[in-house]
Amino acid sequence: MRPETDPKKIKRKVYMSYFQDGLWDIFLGFFLLGWGVTVWFDLPWLPGAIFIGFFWLVLGLKKKSTYPRIGHATPTKQRNRILKIVIAGVVVLVAIIVVLPIVNGGEIQFLRNYFEFLFGSMIAIAVALIGYWWRIYRWYLYAGMLFLFFVFNQWSDLSFSLSFIMPGGIFTLCGLAILYRFLRKYPVISEEDVDENR
Amino acid sequence: MRTDSGSSKSQEPIASIDRLIHEPSRLTIMAHLYVVENADFLFLIRQTGMTWGNLSVHISKLEAAGYLEVKKEFLGKKPHTVVSLTKQGFRAFEAYRKGMKEILDGTHSE
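Participant: What is the right way to look at the overall build of chain A in this model?
Facilitator: Of the regular secondary structure elements, chain A holds nine helices and one strand. In chain A, the succession of helices and strands from N to C terminus is α-α-α-β-α-α-α-α-α-α. By residue count, 22% of the 198 residues in chain A fall in the buried class. A fraction of 67% describes how many contacts in chain A between residues 6 or more apart in sequence connect residues 24 or more apart.

The structure is reproduced here in structure tokens:
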């Protein structure tokens, strides 16, 4: 047995293990689908409702489905500090892109002309940042895909809502495939069962 | 040619290495607990690849040395064991890492 003792490598392995279930991928997919439906049917409350509803649902599913399969560890406080920095960065980014045009009364023509592109870039950056923070590198791919959809949308006649619905659908399917593989790979084990079999 | 005193001097850092931590399974457990606040048994099994019995034995040894704190609780009706490094364990692991680094660096420079 060759012990792994490098804290950095272990930390990465530990955090990666929590994203083997694909639940956050499904969350992201549904969130984007919600945005797509919002744009299409003009339901501004929907993304917020999906975000809050699914956020708690994912946390609940993690407790009920993921932890009994792979166990649970409480992260160190140092990472919580980094999370706060990342969240602050995303908030500043949102403020720059969304609040600035409002403050300027829509006078910045560039932001109005390239709204889809800038909005998509903002979401793509947010997704990439979350991928960086959670160390789920497939989210970089998601971010790249999102960016491409919005770039395509900016200079084509494609409906704005499809820029959300198509990547949202792809991410949901990816998440479901990851979840299926996870459930097959890790059966539920409880300490009670092990004690009885010992 | 090395003298006996020189040889014993070069063995000093090796002799100071904590043998309890040096055992591969226990080293793996300590290293995993070093990067988290606490972890449950199942988590350690999945991460280290050890069997339940094996893990249990090593954790008992580390707990007896005061390196680990083991809390047994119930989640609903099911037993749940949570393990964390004590301050003593944290310091011991850091000292072990430092000691091993010094030894290996010394070996490399010779």
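Let's pick the thread back up.
Participant: I'm lost on the pairing of strand 3 (residues 78-85) of chain B in this one. Help?
Facilitator: Across a regular strand the side chains alternate sides, sitting on one face of the sheet and then on the other. Residues and elements named next belong to chain B. By the bridge criterion, two bridges tie strand 1 (residues 36-40) to strand 3 in an arrangement that is antiparallel. Of the residues in strand 3, the one forming a bridge with Ala39 is Val83. As judged from the eight bridges shared by strand 2 (residues 68-75) and strand 3, these two strands associate in the antiparallel manner. Paired with Lys72 across the bridge in strand 3 is Thr81. What sits between strand 2 and strand 3 in their antiparallel hairpin is a turn of two residues, with Gly76 showing a positive phi close to 70°.

Participant: I'm lost on helix 6 (residues 115-134) of chain A in this one. Help?
Facilitator: At 3.6 residues per turn, the α-helix brings residues three or four places apart onto the same side. With 20 residues, helix 6 of chain A extends 28 Å from end C-alpha to end C-alpha; this agrees with the ideal 28 Å at 1.5 Å per step. Positive phi shows up at Arg135 of chain A, right after helix 6 of chain A, with a value of about 60°.

Participant: What should I look at first to understand the environment of Val36 of chain B in this one?
Facilitator: Here Val36 of chain B lies in strand 1. A count of 23 C-beta atoms within 10 Å places Val36 of chain B in the buried class. Between the C-alpha atoms of Val36 of chain B and Leu85 of chain B, which are 49 residues apart in sequence, the distance is 8.9 Å. Setting aside anything within four residues of it in sequence, one finds Val36 of chain B in contact with Val14, Ala73, Thr74, Pro75 and Thr76 of chain A.

Participant: How do you make sense of the confidence of the model for chain B when you look at a structure like this?
Facilitator: Close reading of the predicted structure is inappropriate where its pLDDT is low. Residue and element names in this part refer to chain B. Scored by pLDDT, chain B has a mean of 83; 85% of the residues are at 70 or more. Across residues 1-6, where pLDDT falls below 50, the model places one contact with residues more than four positions away in sequence or in other chains. Model confidence for the complex: the whole-complex pTM is 0.72, and ipTM, which rates the interface, is 0.73.

Calculation notes
Residues numbered from 1 in each chain as written. Chains lettered and ligands numbered in written order. Predicted model: local features only at pLDDT ≥ 70, side-chain atom pairs only at ≥ 80, totals over all residues. Helix = DSSP H or I, 4+ residues; strand = E, 2+ residues; numbered from the N terminus. Buried ≥ 20, exposed ≤ 12 C-beta atoms within 10 Å, placed from the backbone. Contact = placed C-beta atoms within 7 Å. Pairing = 2+ DSSP bridges. Expected span 1.5 Å × (residues − 1). pLDDT = per-residue confidence, 0-100.

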